[in-house]
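The residues making up each chain are set out below.
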Amino acid sequence: MKIALLGGAFNPPHLGHLMIAQQILDFTDTEEIWFLPNYGQSPPKPVASVDDRLAMTKLLVLPRTKVSTIEIDNKLDGETRHLLPFLPKDREFSFIIGSDQLPTFHLWLDWEKLLDQMPFYVFPRYGYPNEPLYKNMKVISHELLVGSNISSSKVRERVGKGLPIDQFVPPAVASYIGSQKLYVEQK
């Protein structure tokens, strides 16, 4: 089975994550997407608790996707390289990144080894060029590809300013953020 990993803080998860996952399924030979909320951040940054981020990520609903807790269960530090030994050996994995990650990809721990061990799909992000590209990276392109400028940081800022987020996150995620009073400290 061909599985693409969509990792990140999911702080919070949003409709852009769903759009990316759907289009990877539509325009590649990927059979399943695993949303992979991280335990630790690399580099470290303040985020909602692991429990909150995991609960919200589980509210992303799309056929042929699932939430994997490999990073959380193993208390990994957010370095993709440290994830590889924990992936099941009987499946074929790829990793999804946004083009916003390309300028600093060479700073990822053992980035060359990562590229030797799995292909990377690069999803175009508004305002970021699709370069530099390295071996074993493929930019997702298709005439029907729909981009997204939604980001977790913009969602958090909107919550902090008391603005609605209903058009940017699934309804269940918006409800969770409201009920747990997440991100309101940014006022």
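Here, every reference points to the structure presented above.
Reading the values: the criteria
- Residues numbered from 1 in each chain as written.
- Predicted model: local features only at pLDDT ≥ 70, side-chain atom pairs only at ≥ 80, totals over all residues.
- Heavy atoms only, no water.
- Core = buried A, V, L, I, M, F, W, Y, C linked by side-chain atoms within 4.5 Å.
- Buried < 20%, exposed > 50% of the residue type's maximum accessible area, 1.4 Å probe, protein only.
- Helix = DSSP H or I, 4+ residues; strand = E, 2+ residues; numbered from the N terminus.
- Contact = heavy atoms within 4.5 Å.
- Arc of directions from axis to C-beta.

So, about the nonpolar core. Grouped together as the largest cluster of nonpolar side chains are 23 residues, with contacts concentrated most on Leu5, Ile97 and Phe120. Those elements that place two or more of their residues in this core are β1 (2–8), β2 (32–37), β4 (92–98), α5 (111–117), β5 (120–123) and β6 (137–139). The contacts of Phe120, once residues within four sequence positions are left out, are Phe95, Ile97, Phe105, Trp108, Leu114, Leu115, Asn136, Met137 and Lys138. Counting 16 residues, the second largest nonpolar core, distinct from the first, contains Phe10, Leu25, Ile33 and Ile140.

Among the residues of helix α6 (residues 152–160), Ser152, Val155, Val159 and Gly160 are the ones counted as buried. Buried residues of α6, seen end-on, are gathered within an arc of 135° and therefore sit on one face of the element. Residues of α6 that are buried sit in contact with α1 (15–27) and α7 (171–180). Among the residues trailing α6, Gly162 stands out with phi positive, at a value near 75°.

For the rest of this paragraph, the subject is helix α2 (residues 50–57). The element α2 is extensively covered by neighbouring structure, given that six of its eight residues are classed as buried. Here α2 has its buried residues at Val50, Asp52, Arg53, Leu54, Met56 and Thr57. Summarising the contacts, the buried residues of α2 are in contact with β1, β2, β3 (65–67), α3 (70–73) and α7.

With an omega of 5°, the peptide bond running from Asn11 to Pro12 counts as cis. Topologically, Pro12 is positioned in the loop between β1 and α1. The backbone of Lys75 sits at a positive phi, close to 50°, despite the residue not being glycine. Inspection of the secondary structure puts Lys75 in the loop between α3 and α4 (80–83). When its relative accessible area of 57% is taken as the criterion, Lys75 is described as exposed. Positive phi, normally seen in glycine, also occurs at Lys181, with a value near 55°. Inspection of the secondary structure assignment puts Lys181 in the segment after α7. In this structure Lys181 comes out as exposed when scored by relative accessible area, which is 59%.

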